[in-house]
Amino acid sequence: SDVCSSDLAMFSLIPRLFIPDAAGTPIWNPDYLASEPTLVTEPTQVVTYNINPKAAWYDGASITWEDFHWQWRASNGTNPAYQIASSSGYSEIESVERGRDDREVIVTFKNNYADWQAIFYGVYPASTNKSPEIFNEGWKGRPLTTAGPYKVESIDQTSQTVTLVRNEKWWGDPGK
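Thresholds applied
Counting from 1, residues in each chain are numbered in the order their sequence is written. Given that this is a predicted model, residues contribute local features only at a pLDDT of at least 70 and side-chain atom pairs are listed and counted only at 80 or more, while totals for whole chains, interfaces and linings are drawn from all residues. The basis for the side-chain values is all heavy atoms of the structure; hydrogens and waters are excluded. Only when DSSP finds a minimum of two bridges between them are two strands counted as paired. In this text, helices come from DSSP runs of H or I with a minimum length of four residues, and strands from runs of E with a minimum of two, each type numbered from the N-terminal end. To get an axis, fit a line to the C-alpha atoms, keeping to the stretch in contact for a helix; angles then go from 0 to 180 degrees between the N-to-C directions. Residues are treated as being in contact if the distance between any of their heavy atoms lies within 4.5 Å. For the purposes of these results, a polar contact is taken to be a pair of N or O atoms within 3.5 Å, where, inside protein, one atom must be able to donate a hydrogen and its partner to accept one; residues adjacent in sequence count only when each atom of the pair is a side-chain atom. For Phe, Tyr and Trp, rings pair up if their centres lie within 6.5 Å, where Trp contributes its six-membered ring, and each pair is then called stacked (planes under 30 degrees apart), edge-to-face (over 60) or tilted (otherwise). Burial classes follow relative accessibility: with a 1.4 Å probe on protein chains only, a residue under 20% of its type's maximum area counts as buried, one over 50% as exposed, and anything between as partly exposed. By definition here, charges over rings are those cases where NZ of Lys or CZ of Arg is within 6 Å of the ring centre and within 35 degrees of the ring normal. The pLDDT value tells you how sure the predictor is about a given residue, anywhere from 0 up to 100.

Undergrad: Would you mind going over the sheet that holds strand 6 (residues 104-109) with me for this structure?
TA: Sheet strands pair via backbone hydrogen bonds, and the direction of the pair is either parallel or antiparallel. Reading across from one edge, 3-4-6-5 is the order of the 4 strands in this open sheet, with antiparallel pairing throughout. One side of each edge strand has no neighbouring strand; the edge strands of this open sheet are strand 3 (38-40) and strand 5 (93-98). When the angles between neighbouring strand axes are averaged without regard to direction, this sheet yields 15°. The pairing of strand 5 with strand 6 spans 5 bridges and is antiparallel. If you follow Ser 95 over to strand 6, its bridge partner there is Thr 108. Those strands touched by helix 2 (residues 65-75) are strand 4 (46-50), strand 5 and strand 6, and its axis lies near 155° from that of strand 5.

Undergrad: Just to check I follow, could you spell out the side chain of Asn 76 for this structure?
TA: Here Asn 76 lies in the loop between helix 2 and strand 5. Within polar-contact distance, the side chain of Asn 76 engages the side chain of Thr 78 at 2.7 Å. Ignoring anything within four residues of it in the chain, the contact list for Asn 76 reads Ser 87, Tyr 90 and Ser 91.

Undergrad: Explain the packing of aromatic side chains here, please?
TA: When we look at a pair of aromatic rings, we describe it by the centre distance and by the angle of the planes. Inspection of the entire model under this criterion finds 12 aromatic pairs. Between Trp 170 and Trp 171, the ring centres sit 4.4 Å apart and the planes meet at 40°, which makes this aromatic pair tilted. On the basis of relative accessibility, which here comes to 12%, the residue Trp 170 falls in the buried class. Members of the aromatic cluster, connected to one another through ring pairs, are Phe 18, Tyr 49, Phe 68, Tyr 90, Trp 116 and Phe 120. Its end group placed over the ring of Tyr 58, Lys 169 keeps NZ or CZ at 4.2 Å from the ring centre.

Undergrad: Help me out: how do you make sense of the confidence of the model for the chain in this one?
TA: Predicted coordinates in regions of low pLDDT should not be interpreted in detail. Of the residues in the chain, 95% have a pLDDT of 70 or more, and the chain-wide mean is 92. Low pLDDT (under 50) marks residues 1-5, which in the prediction has 14 contacts with non-local residues, meaning those over four places away or in another chain.

Undergrad: What is the right way to read the pairing of strand 8 (residues 161-166) from this model?
TA: Strand direction decides the pairing type here: strand 7 (residues 150-156) and strand 8, joined by 6 bridges, are antiparallel. Within the sheet, the bridge partner assigned to Tyr 150 lies in strand 8 and is Arg 166. Counting the residues that bridge the hairpin from strand 7 to strand 8 gives 4 residues, and of these Gln 160 lies at a positive phi of roughly 55°.

As structure tokens, then:
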């Protein structure tokens, strides 16, 4: 079984750009974004994300536009070597490019896409998306690198238990 697939555990380990408010409305997450994403719909839909300058992966790498770019490349369905469950949303993207610096991400869509906030709901590191082999097999059994308020302390395959502890490298408010 893949212990890293537990949504609850992954929410504590992987960047979530939007978090739902009490009514379920997605609100941009200041732990990962420096400002609310901008949305332009004419002539083509373009979303610009500005990543929080403190945001970094546990291995020390900054979270940058490349993480978004390689997640799109791995998940858009154009390369059959990536074993994806669905290309929904990612297949609607025309390009993911660097903006004015490495912390600005410009996502251009082929057509207007209403559910754009759900596409990069969880962001994974470019280092795990550049290779189909790592994308397909690398996360089995243990996260490769994370960027949340918690980190994995231990995984017990027998009892199917994942123990999370506070991430000492976390830049936001401490987890509860």
